[in-house]
Amino acid sequence: MKYLFWGVLIILVFVRYFSTKPDYVDGQRLRIEGIVRQEPSRFSYHQKISLAGVSIYLEKYPEIYYGDRVVVEGTVKKGELENAVLISKEEERGAFSGFRKRVVGFFQKSLPEPHAALVAGISLGAKGSLPKGFWDNLTKTGTAHVVVASGMNVSLVASFLIGVLVTFMNRKRALILALGGIWIYTLISGFEAPIVRAAVMGSIAFSAQELGRVYSAWRALVVTGLILLIIVPAWVTDLGFILSFVATASILVFQKKTEKLFAFVPRLARGDFSTTTAAQIGVSPILFVTFGQFNILSPVINVLVLWTVPVVTILGIVGGVVGLIVPVLGKGILYLSYPLTSWFIAVVRLFG
Amino acid sequence: MQAYKYILGLFALVLGLVGLSLGYAPDGQLHLVACDVGQGDGILAIYKDTQVLIDGGPDDRILECLSEHVPFWDRRLELVILTHPQLDHYGGLIEVFRRYSVDTFLANGLDSGASSYQALKNAVGGSGVRVVTPKEDMVLRVGMIYLDILSPSQSLLTQEAPDSRTNILGAFSSKKDPNDFSVVAILRLGEFDALLTGDIGPSEIPEILARGKVREVEYIKVPHHGSKNGLTHELLDASSPEIGVISVGKNSYGHPNEETLKMLREKGVRTLRTDEEGDVEVVSDGKSWWIKP
């Protein structure tokens, strides 16, 4: 019975993956219409969007934003759309229309670069506006994952929130409030798919871990992962998805051990240190493979900078939201993140 | 209870913020920075808490130069100048107008058909900045920094755009090379003069010289990224600078041109290039000047 359950889940993932995989022939002329569901990347003279499994390079202006409905035309060649032309573009409409964009805009008005882009990347996973040189430094040091919306950030924020909240209440209540915080966060980040799925995985794994045993947390995480893949098969190759899954799993497995390892660290910082290191154990091999750059110091660099991530996320979200209502106050909150991003940037530049 | 941990953390952040702010204490000197924006121009002049930005390079790299030299809390630029509407001069300004509040934008009315120029016009329109069109003999003052505008000339504007409206972007189009409309200006603080030249070239330089407003200067931004179609012997003689800065990056036009470099060498002008040095920062107290290492 147990094996049947797992077997069916895995077979379903395979069936869904191969039946939904788009298949284009090189040289085929395509007209693609769709909603941009991945943050467009911007370069000096063009921008890149992904639609229906192909990468599309377009003129830099007019700019396309996450959530826009676009129609493009071009010729397929090796997974890219050549000579792509933008036929039309319509901005997203809906309850959260433009909210994320406005928050990022507020970061950009309040902080210099690359601080603004770093806060936007860490807190909202909006990496579109990162300066090229700084992005190179991030990949070289193996820290690029912090600006890819992933379960890692969600897990870090969750453990940080629990850490803060247990100061004032019992563990169960702290957990419920922290999960509430995570879901408010997903709402603010515009319900972006990577953050939602990270929040789903994070919530399930954390609740299971806090309420039951580690084993059930594991099982819950794997089932959630598989179900998400049945719903959106294309995520199986999505870096954000893989990082979400592995980081959460890694924290579940290794946190107790790293906590012992960091027994010498003052209690003040031990929690952050052990969580980030635990996540690192699983995540770093994947980062080495995907970003193609091996930096032997990467785990050290990560430990040096990752403790800033939950704090920057929370300051960014709170500052961004408050800033849309009372700009001066929001700016003040964002300024508090400036020493942290300065540290982050200095470390990354030093090693990059 | 470990609430003290968070109070301590907050205190540390405030302390860090104060510490970082101290690094930006104003020094009462003019800082003229030719930003390394790749192939393009982007020059930042700072005196105390006033900033003047002349051109914005082709893309967002200008933002990093601004972050490095302008205090993080100062999100206001007193004056932005666009010498002429070509992408390697205005590309980065689009984001500048979105992120900084700008008091005055000095740019001539020549239009450009590029979609990116449309984006610049939208960004400027949306920011509520005051647009001023430059003309010879205009003098601008920003704090203690003065700008004497030498070009574009009245005759060029009358000839190309006889009844175009002023103080508006994209008011007219012209068949002439956009470079000919470049804003040429002398930026001065006390006795220190810097000649800023945009992409001006041999077709307009004689006319500028004929009006007799080019004087001896300490600093020249070598026109048109050191192109052959830029600096002339006559301009170099009339301005006799001590230092020449070439704002240039990787390009396929052969900038800077060997003859231009030779011209500067023979005249004994110390020449610095942004593609070799990165940001080139010259500092002056209004009397003497030096290069910040």
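Residues numbered from 1 in each chain as written. Chains lettered and ligands numbered in written order. Predicted model: local features only at pLDDT ≥ 70, side-chain atom pairs only at ≥ 80, totals over all residues. Heavy atoms only, no water.

### Regarding the overall build of chain A
Helices and strands together make up the secondary structure of chain A, namely 13 helices and six strands. Looking at chain A residue by residue over its 352 residues, the buried ones come to 51%. By sequence separation, contacts in chain A at least 24 residues apart represent 64% of the contacts at least 6 residues apart. For chain A, the exposed surface amounts to about 16,000 Å²; the carbon and sulfur share of it is 66%. (Helix = DSSP H or I, 4+ residues; strand = E, 2+ residues; numbered from the N terminus. Buried < 20%, exposed > 50% of the residue type's maximum accessible area, 1.4 Å probe, protein only. Contact = heavy atoms within 4.5 Å. Areas by Shrake-Rupley, 256 points an atom, 1.4 Å probe, with all protein chains shown as cover.)

### What about the overall build of chain B?
When helices and strands are counted, chain B shows 10 helices and 15 strands. The C-alpha radius of gyration of chain B comes to 20 Å, within 12% of the 19 Å expected for a compact globule of 293 residues. Structurally, chain B occupies a C-alpha span of about 80 × 45 × 35 Å along its principal axes. By the burial criterion, 57% of the 293 residues in chain B qualify as buried. Pairs at least 24 residues apart make up 69% of the contacts formed inside chain B by residues separated by at least 6 positions. Taken as a whole, chain B presents about 12,200 Å² of accessible surface, with 51% of it coming from carbon and sulfur. Where the 28 positive side-chain charges of chain B centre and where its 41 negative ones centre are 3 Å apart. (Rg over C-alpha atoms; globule rule 2.2 N^0.38 Å. Lys, Arg positive; Asp, Glu negative; His and termini not counted. Charge placed at Lys NZ, Arg CZ, Asp CG, Glu CD.)

### Section: helix α5 (residues 115-127) of chain B
Residues and elements named next belong to chain B. A rise of 1.5 Å per residue sets the reference length of α5, with its 13 residues, at 18 Å; its end C-alpha atoms lie 19 Å apart and thus fit the reference within 8%. What α5 keeps buried is the set Ser116, Tyr117, Ala119, Leu120, Lys121, Ala123 and Val124. On its buried face, α5 sits against β4 (76-82), α3 (87-90), α4 (93-99), β5 (101-107) and β6 (130-132). Of the residues trailing α5, Gly128 is marked for its positive phi of about 70°. (Expected span 1.5 Å × (residues − 1).)

### Considering a nonpolar patch on the surface
All names here are of chain B. Taken together, the side chains of Leu10, Val14, Val18 and Leu22 make up a nonpolar region of the molecular surface, amounting to roughly 370 Å² of accessible area. You can see Val18 is positioned in helix α1 (residues 3-22). Judged by relative accessible area, Val18 falls into the partly exposed class, the value being 47%. (Patch = residues over 30% accessible without salt bridge, like charges linked within 9 Å, V, L, I, M, F, W, Y side chains within 5 Å. Salt bridge = Lys/Arg side-chain N within 4 Å of Asp/Glu carboxyl O.)

### Quick notes on the state of the cysteines
Working definition of a disulfide: a covalent bond connecting the sulfur atoms of two cysteines. Residue and element names in this part refer to chain B. One pass over the structure, following the stated rule, counts one disulfide over all chains. Across the disulfide from Cys35 sits Cys65; the S-S distance is 2.0 Å. When the S-S torsion is -65°, as for the bridge of Cys35 with Cys65, the disulfide is left-handed. Of this pair, Cys35 sits in the loop between β1 (30-34) and β2 (43-47) while Cys65 sits in helix α2 (residues 61-69), placing them 30 residues apart in sequence. Exposure remark for Cys35: the relative accessible area of 1% places this residue in the buried category. Owing to a relative accessible area of 4%, Cys65 belongs among the buried residues under this scheme. (Disulfide = S-S within 2.5 Å.)

### Brief notes about the side chain of B:His31
All names here are of chain B. You can see His31 is positioned in strand β1. At 2.8 Å, the side chain of His31 and the side chain of Asp27 are in polar contact. Within the structure, the side chain of His31 is placed 2.7 Å from the side chain of Glu281, a separation counted as a polar contact. Every residue in contact with His31, bar those within four places of it in the chain, is listed here: Leu44, Ala45, Ile46, Glu281, Val282 and Val283. (Polar contact = N/O pair within 3.5 Å; in protein donor to acceptor, adjacent residues only side chain to side chain.)

### Quick look at the nonpolar core
Counting 58 residues, the largest nonpolar core has A:Phe107, A:Leu138 and A:Phe344 as its most contacted members. Among the elements that line this core, the one with the most residues is helix α13 (residues 327-351) of chain A, at 10 residues. When sequence neighbours within four positions are dropped, the list of residues in contact with A:Leu138 reads A:Leu130, A:Thr143, A:Ala144, A:Val147, A:Phe344 and A:Val348. Ranked by size, the runner-up nonpolar core spans 32 residues in total, among them B:Cys65, B:Val102, B:Leu120 and B:Ala123. (Core = buried A, V, L, I, M, F, W, Y, C linked by side-chain atoms within 4.5 Å.)

### Thoughts on the pairing of strand β10 (residues 192-196) of chain B
A regular strand places its side chains on the two faces of the sheet in alternate fashion. Residue and element names in this part refer to chain B. Burial analysis of β10 places five of its five residues in the buried class, the great majority of the element. With burial as the criterion, each face of β10 is covered, one bearing Phe192, Ala194 and Leu196 and the other bearing Asp193 and Leu195. With five bridges joining them, strand β9 (residues 184-189) and β10 adopt antiparallel strand pairing. Each residue of the ladder has a partner; that of Arg188, found in β10, is Asp193. In this structure, the hairpin formed by β9 and β10 is closed by a connection of two residues, where Gly190 is found at a positive phi of approximately 60°. Looking at chain direction, β10 and strand β11 (residues 219-221) are connected through two bridges and run parallel. (Pairing = 2+ DSSP bridges.)

### Focus: the sheet that holds strand β6 (residues 80-90) of chain A
Whether parallel or antiparallel, the strands of a sheet pair through hydrogen bonds between backbone atoms. Within the open sheet, the six strands sit side by side as β1-β5-β6-β4-β3-β2 (chain A). Their pairing is mixed. Each edge of the open sheet carries a strand with a single partner, namely β1 (29-35) and β2 (41-42) of chain A.

### Brief notes about the interface of chain A and chain B
Taken together, the 30 residues of chain A in the interface contact 32 residues of chain B. Of the roughly 2,800 Å² buried between chain A and chain B on both sides combined, carbon and sulfur atoms contribute 59%. On inspection of chain A and its partner chain B, the count reaches three salt bridges. Our count for the chain A to chain B interface comes out at eight residue pairs in polar contact (both at pLDDT 80 or more). Elements with a minimum of two residues in the side of chain A that touches chain B: α2 (99-110), α5 (151-165), α10 (267-291) and α13 of chain A. Considering only residue class, the side of chain A that touches chain B consists of 15 nonpolar, seven polar and eight charged. (Buried area = accessible area lost by both parts, 1.4 Å probe. Nonpolar A, V, L, I, M, F, W, Y, C, P; charged D, E, K, R; others polar.)

### Considering the environment of B:Ile46
All names here are of chain B. If you trace the backbone, Ile46 turns up in strand β2. The class of Ile46 is buried, set by a relative accessible area of 9%. In sequence terms Ile46 and Ile145 are 99 residues apart; their C-alpha atoms lie 8.7 Å from each other. Discounting chain neighbours no more than four positions away, the residues touching Ile46 are Gln29, Leu30, His31, Gln51, His69 and Val70.

### Some remarks on the sheet that holds strand β13 (residues 270-273) of chain B
Residues and elements named next belong to chain B. Pairing in this open sheet of seven strands is mixed, and the strands run β7-β8-β9-β10-β11-β12-β13 from one edge to the other. Every interior strand has two partners, whereas the edge strands, β7 (139-142) and β13, have only one. With strand direction ignored, the average angle separating the axes of adjacent strands in the sheet is 20°. (Axes fitted to C-alpha atoms, helices over the stretch in contact; angles between N-to-C directions.)

### Here we look at the pairing of strand β3 (residues 50-54) of chain B
All names here are of chain B. A large share of β3 lies buried, amounting to five of its five residues. With burial as the criterion, each face of β3 is covered, one bearing Thr50, Val52 and Ile54 and the other bearing Gln51 and Leu53. Relative to β3, β2 is paired through five bridges, and the arrangement is antiparallel. For Ala45, the partnering residue across the bridge sits in β3 and is Val52. Hairpin geometry of β2 and β3 is characterised by an intervening segment of two residues between the two adjacent antiparallel strands and by a positive phi of about 50° at Lys48. Sheet topology places β3 next to β4; three bridges connect them, and they run parallel. Considered in β4, the bridge of Leu53 is made with Val80.

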